[in-house]
Amino acid sequence: DGSWGRTLYRYRSDAAADATRRYAALAKDAGLTMTQLALRWARQRQGVTTALVGQTSMEQLEEDLAVYKNTKGLPEDLMWEIDRVHMRNRLPIFSS
């Protein structure tokens, strides 16, 4: 499928799809959307100074902005579970 471009194929691996399913389950269990989980995670990580967001609708923009209006952080156990998923698939390009 060339619609992903020549460089994004690495995110179409079985390992990347498994990670996406795991992140989705964590978000669902926490009562969050995947967008909320991702942005709250990025906001809470010390090494992350910028989160690039993109929207194609006002609804998406409103969801993104709402994340930054809520100052409550993710629970430490959820942060750890997110890290555990990442550790299973650190380099998706080598997982295909």
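Definitions and cut-offs
Residues numbered from 1 in each chain as written. Predicted model: local features only at pLDDT ≥ 70, side-chain atom pairs only at ≥ 80, totals over all residues. Heavy atoms only, no water. Helix = DSSP H or I, 4+ residues; strand = E, 2+ residues; numbered from the N terminus. Contact = heavy atoms within 4.5 Å. Areas by Shrake-Rupley, 256 points an atom, 1.4 Å probe, with all protein chains shown as cover. Buried < 20%, exposed > 50% of the residue type's maximum accessible area, 1.4 Å probe, protein only. Lys, Arg positive; Asp, Glu negative; His and termini not counted. Salt bridge = Lys/Arg side-chain N within 4 Å of Asp/Glu carboxyl O. Polar contact = N/O pair within 3.5 Å; in protein donor to acceptor, adjacent residues only side chain to side chain. Axes fitted to C-alpha atoms, helices over the stretch in contact; angles between N-to-C directions. Parallel < 35°, antiparallel > 145°, perpendicular 65-115°, else oblique. Left-handed = near helix turned anticlockwise from the far one by under 90°. Core = buried A, V, L, I, M, F, W, Y, C linked by side-chain atoms within 4.5 Å.

Engineer: Provide a residue-level description of the overall build of the chain, including the pertinent values.
Structural biologist: Within the chain, the secondary structure is distributed over 4 helices and 0 strands. Secondary structure of the chain in N-to-C order comes out as α-α-α-α. Sequence-distant contacts in the chain: of pairs separated by 6 or more residues, those separated by 24 or more amount to 67%. Just so you have it, the chain exposes about 7300 Å², and 54% of that area is on carbon and sulfur atoms.

Engineer: Summarise the side chain of Asp64; cite the residues concerned and give the values.
Structural biologist: Locating Asp64 in the fold gives a position in helix H3 (residues 58-69). Although Asp64 is buried, it forms no salt bridge, and the closest oppositely charged side chain is Arg43 at an N-O distance of 11 Å. Among the polar contacts made by the side chain of Asp64, one reaches the side chain of Gln55 at a distance of 2.7 Å. Ignoring anything within four residues of it in the chain, the contact list for Asp64 reads Thr35, Leu39, Val53, Gly54 and Gln55.

Engineer: A description of the packing of helix H2 (residues 34-44) against H3 should follow, citing residues and the corresponding values.
Structural biologist: It is the contact of H2 with H3, at a shortest axis distance of 10 Å, that shows an interaxial angle of 40°. As judged from the angle between their axes, H2 and H3 are oblique. Along this stretch, H2 crosses H3, giving a crossing that reads as right-handed. Residues Thr35, Gln36, Leu39, Arg40 and Arg43 of H2 lie in contact with H3, whose contacting residues are Glu63, Asp64, Val67 and Tyr68.

Engineer: Summarise the nonpolar core; cite the residues concerned and give the values.
Structural biologist: Burial of nonpolar side chains together is a common tendency in soluble globular proteins. Within the largest apolar cluster, 10 residues are counted, these being Ala19, Leu26, Ala27, Leu32, Leu37, Leu74, Leu78, Met79, Ile82 and Val85. Of all elements in the fold, only helix H1 (14-29) and helix H4 (76-88) reach the threshold of two or more residues within this core. At 4 residues, the largest contribution of residues to this core is made by H4. Leave out the neighbours within four places in its chain, and Met79 touches Trp41, Gln44, Arg45 and Leu74.

Engineer: For the pattern of salt bridges, give the residues involved together with the corresponding values.
Structural biologist: For side chains bearing opposite charge, pairing can occur when the charged atoms are close. In total, this model carries 4 salt bridges according to the counting rule given. Of the charged contacts, one joins Arg22 and Asp18 as a salt bridge, the two residues approaching to 2.8 Å between their closest N and O atoms. Of this pair, Arg22 and Asp18 are both found in helix H1, 4 residues apart, which corresponds to roughly one turn of the helix. Residue Arg22 is classed as partly exposed on the basis of its relative accessible area of 33%. By relative accessible area, Asp18 is classed as partly exposed at 23%. Arg84 serves as the salt-bridge partner of Glu81, at 3.3 Å between the closest nitrogen and oxygen. Linking Glu81 with Arg84, this pair stays in helix H4, spanning 3 residues, or about one helical turn. Classification of Glu81 as partly exposed rests on a relative accessible area of 29%.

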